Amino acid sequence: MNLIEQLVNIYREKFGYTPAHLVRSPGRVNLLGEHVDYNNGFVLPAAIDLATYAAFSPTNARHSTLVAVDFDQQASFSAESISTRTQADSSPLPEWALYPAGVMWSLMQENLPLIYMNAVFASDVPRGSGLSSSASVEMAFMIAWQTLGGWTLPSMQRALLGQKAENKYVGVNCGIMDQFASACGVENKLLLLDCRSLEWKTIPLPKNISIIIADTTVRRKLTSGEYNKRRSACEEAVRLLQQELPSINSLRDVRVEDFNRLAKKLPRGIEKRARHVVEEIGRSNQAEALLEAGDVHNFGRLMNECHASLRDLYEVSCPELNTMVNIAQSLEGCYGARLTGAGFGGCTVNLVAKEQAGDFSRALAKGYETETGLCPNIYITRASNGAELIR
Ligand code: ADP
Ligand code: MG
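The paragraphs below set out a description of the structure included in this document. (Residues numbered from 1 in each chain as written. Chains lettered and ligands numbered in written order. Predicted model: local features only at pLDDT ≥ 70, side-chain atom pairs only at ≥ 80, totals over all residues. Heavy atoms only, no water.)

Side note on the overall build of the chain
Looking only at helices and strands, the chain has 11 helices and 13 strands in total. Here the C-alpha atoms of the chain give a radius of gyration of 21 Å, agreeing with the 21 Å that 2.2 N^0.38 yields for 391 residues. Reported as C-alpha extents along the three principal axes, the dimensions of the chain are approximately 65 × 50 × 40 Å. When the 391 residues of the chain are sorted by exposure, 59% land in the buried category. Of the contacts formed within the chain by residues at least 6 apart in sequence, a portion of 71% connects residues at least 24 apart. As displayed, the chain has an accessible area near 15,800 Å², and 48% of this comes from carbon and sulfur atoms. Once the 39 positive and 42 negative side-chain charges of the chain are each reduced to a mean point, those two points are 3 Å apart. (Helix = DSSP H or I, 4+ residues; strand = E, 2+ residues; numbered from the N terminus. Rg over C-alpha atoms; globule rule 2.2 N^0.38 Å. Buried < 20%, exposed > 50% of the residue type's maximum accessible area, 1.4 Å probe, protein only. Contact = heavy atoms within 4.5 Å. Areas by Shrake-Rupley, 256 points an atom, 1.4 Å probe, with all protein chains shown as cover. Lys, Arg positive; Asp, Glu negative; His and termini not counted. Charge placed at Lys NZ, Arg CZ, Asp CG, Glu CD.)

See the structure below:
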């Protein structure tokens, strides 16, 4: 039985009737431009075919009731209980419920009509692995409330309100990329987003290429602390560089030549972080032309350089990610491989010739297991549409 049938069955058992609607909301993978979204750079993600699905209907109750199948838990909240992060019965909201409740909270601030719902949801996006399960949950509920409320927001607006929910309600300091990709994904296309202007366009994925995601299955704690340290280091670099370059507002505004000239003025630790960002923005600037020309070789080379930079300069990799990338880069048909997402565990993304995808996946899994003793999850994915109602 597939995930959708399961959801509908659980919904029927729980609420006693068939759900009126179903939404599909994807995770995402980022091919280039890592740790640059909060530095106003360019990112190149795609929505993927791993997704969160939610079955939902309007209810006359005075609160929404949500069932998280993957946690085997239920939570309910109302417009009144939202601000105190509590349930209708005054108990605290479980952590997973902060994401959908946060979406309702940010929609309430827009004064959009909101209808209470009964919902059952589940996901095949692995959690905490860099594929943005959180944004996929947010965008699923964004579509659900939009559907019931009878209004429509542009996809970028939905992304921004989801980011606001995660930043201000859940309390996670994420950039805009995750919600953007989940909201704006287009089948078979990569998305190029300018994180400063929020302008974006689609770029065709060259033919005969597979995007393969490899989950190390390693999850490091302390990730958010390290993430915040990286953000602070970037801010500090901007502050120091402004002494020589007063017009800059972010590392996006610093050219590689200027950075090289001024780098010695920065403390080594700050310089390494900033160098990753400045050079990574340089790399992502080359991506569009390479992909338009179908030059997967050189695009893959940029991905490999990105990994080395995340490992040596930004220092957000870990032994398991490095092992997975090293094996991948040695395999036939692999154009590029790197860690994806915030780092410290989670997944790698690999660009592989389509006819080699099966052999590559098997060899990667076997090599990784031999070296680490861990059994990885490998997904041959496709670029997919953003969050949308499927019924
Ligand atoms: P990711 O990189 O996957 O986005 P996050 O730590 O940002 O990792 O978000 C993971 C959190 O999102 C989970 O701890 C949970 O609270 C929520 N979440 C993700 N997937 C689900 C799901 N299938 N059901 C309920 N909550 C989920
Ligand atoms: Mg997340």
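Here the narrative resumes.
Quick word on the site of ligand 1
Around ligand 1, the structure places 16 residues, and the nearest of them are Asp70, Glu95, Gly128, Ser133 and Ser134. Within the side chain of glutamate 95, an N or O atom sits 2.6 Å from an oxygen atom of ligand 1. Glycine 128 is positioned such that a nitrogen or oxygen atom in its backbone is 2.8 Å from an oxygen atom of ligand 1. Relative to its free-state accessible area of 570 Å², ligand 1 is covered by the protein chains to the extent of 84%. (Near = heavy atom within 4 Å. Polar contact = N/O pair within 3.5 Å; in protein donor to acceptor, adjacent residues only side chain to side chain.)

Topic: the pattern of salt bridges
On inspection of all chains with the given rule, the structure shows 25 salt bridges. Glutamate 315 is the partner of arginine 273 in a salt bridge, and the nearest nitrogen-oxygen pair spans 2.8 Å. Here the residue arginine 273 occupies a position in helix H8 (residues 268-292), and glutamate 315 occupies one in the loop between helix H9 (296-312) and helix H10 (319-330), the gap between them amounting to 42 residues. Judged by its relative accessible area of 15%, arginine 273 is buried. (Salt bridge = Lys/Arg side-chain N within 4 Å of Asp/Glu carboxyl O.)

Looking at the nonpolar core
Generally speaking, soluble globular proteins have nonpolar side chains that are buried together. Judged by nonpolar contacts, the single largest core of 110 residues is most densely connected at Leu44, Leu251 and Phe299. The element contributing the most residues to this core is helix H3 (residues 133-149), with 9 residues. If we skip the residues at most four places from it in the chain, leucine 44 touches Val29, Asn30, Leu31, Leu32, Leu190, Leu191, Leu192, Ile203, Ala287, Leu291 and Phe299. Val218, Val325, Ile327 and Ala337 belong to the second largest nonpolar core, which has 14 residues in total. (Core = buried A, V, L, I, M, F, W, Y, C linked by side-chain atoms within 4.5 Å.)

Considerations on the sheet that holds strand E13 (residues 388-389)
The 6 strands lie next to each other as E5-E4-E6-E3-E1-E13, forming an open sheet whose pairing is mixed. Here the strands that pair on one side only, and so sit at the sheet edges, are strand E5 (73-77) and E13. As paired elements, strand E4 (residues 64-68) and E5 share 5 bridges and run antiparallel to each other. Across the sheet, the residue bridging to leucine 66 is alanine 75, located in E5. (Pairing = 2+ DSSP bridges.)

Some details on the pairing of strand E6 (residues 117-123)
Note on strand geometry: in a regular strand, side chains alternate between the two faces of the sheet. Burial runs high along E6: 7 of the 7 residues are buried. Side chains Met117, Ala119, Phe121 and Ser123 project from E6 onto one buried face, and the interleaved Asn118, Val120 and Ala122 project onto a second face that is buried too. The sheet contact formed by strand E3 (residues 45-58) and E6 spans 7 bridges and is antiparallel. Within E6, the position partnered with alanine 55 by the bridge is valine 120.

Some details on the packing of helix H2 (residues 98-109) against H3
Following both chains from N to C, one finds H2 and H3 inclined at 50°, their axes separated by 9 Å at the closest point. In terms of orientation, H2 and H3 fall into the oblique class. Note that H2 runs across H3; the crossing there is right-handed. On the side of H2, the interface is formed by Tyr99, Pro100, Val103, Met104 and Leu107, while H3 contributes Ser134, Val137, Glu138, Phe141, Met142 and Trp145. Class assignment for the residues of the contact of H2 with H3 results in 9 nonpolar, 1 polar and 1 charged. (Axes fitted to C-alpha atoms, helices over the stretch in contact; angles between N-to-C directions. Parallel < 35°, antiparallel > 145°, perpendicular 65-115°, else oblique. Left-handed = near helix turned anticlockwise from the far one by under 90°. Nonpolar A, V, L, I, M, F, W, Y, C, P; charged D, E, K, R; others polar.)

Some points on the environment of alanine 337
One can find alanine 337 in strand E10 (residues 334-339). Ignoring anything within four residues of it in the chain, the contact list for alanine 337 reads Met303, Asn304, His307, Val325, Ala328, Gln329, Val349 and Asn350.

A look at the sheet that holds strand E9 (residues 209-219)
Reading across from one edge, E10-E11-E9-E12 is the order of the 4 strands in this open sheet, with antiparallel pairing throughout. The sheet terminates laterally at E10 and strand E12 (377-381), the two strands that pair on one side only. Strand after strand, the sheet turns through a mean of 20° between neighbouring axes, direction not considered. Bridge count for E10 against strand E11 (residues 345-353) is 5 bridges, and the pairing is antiparallel. Pairing of cysteine 334 across the sheet is with valine 352, part of E11. This element, H10, spans E9, E10 and E11 of the sheet and lies at about 175° to E10. Lying on the sheet, helix H11 (residues 357-372) is in contact with E9, E10, E11 and E12; it crosses E9 at an angle near 15°.

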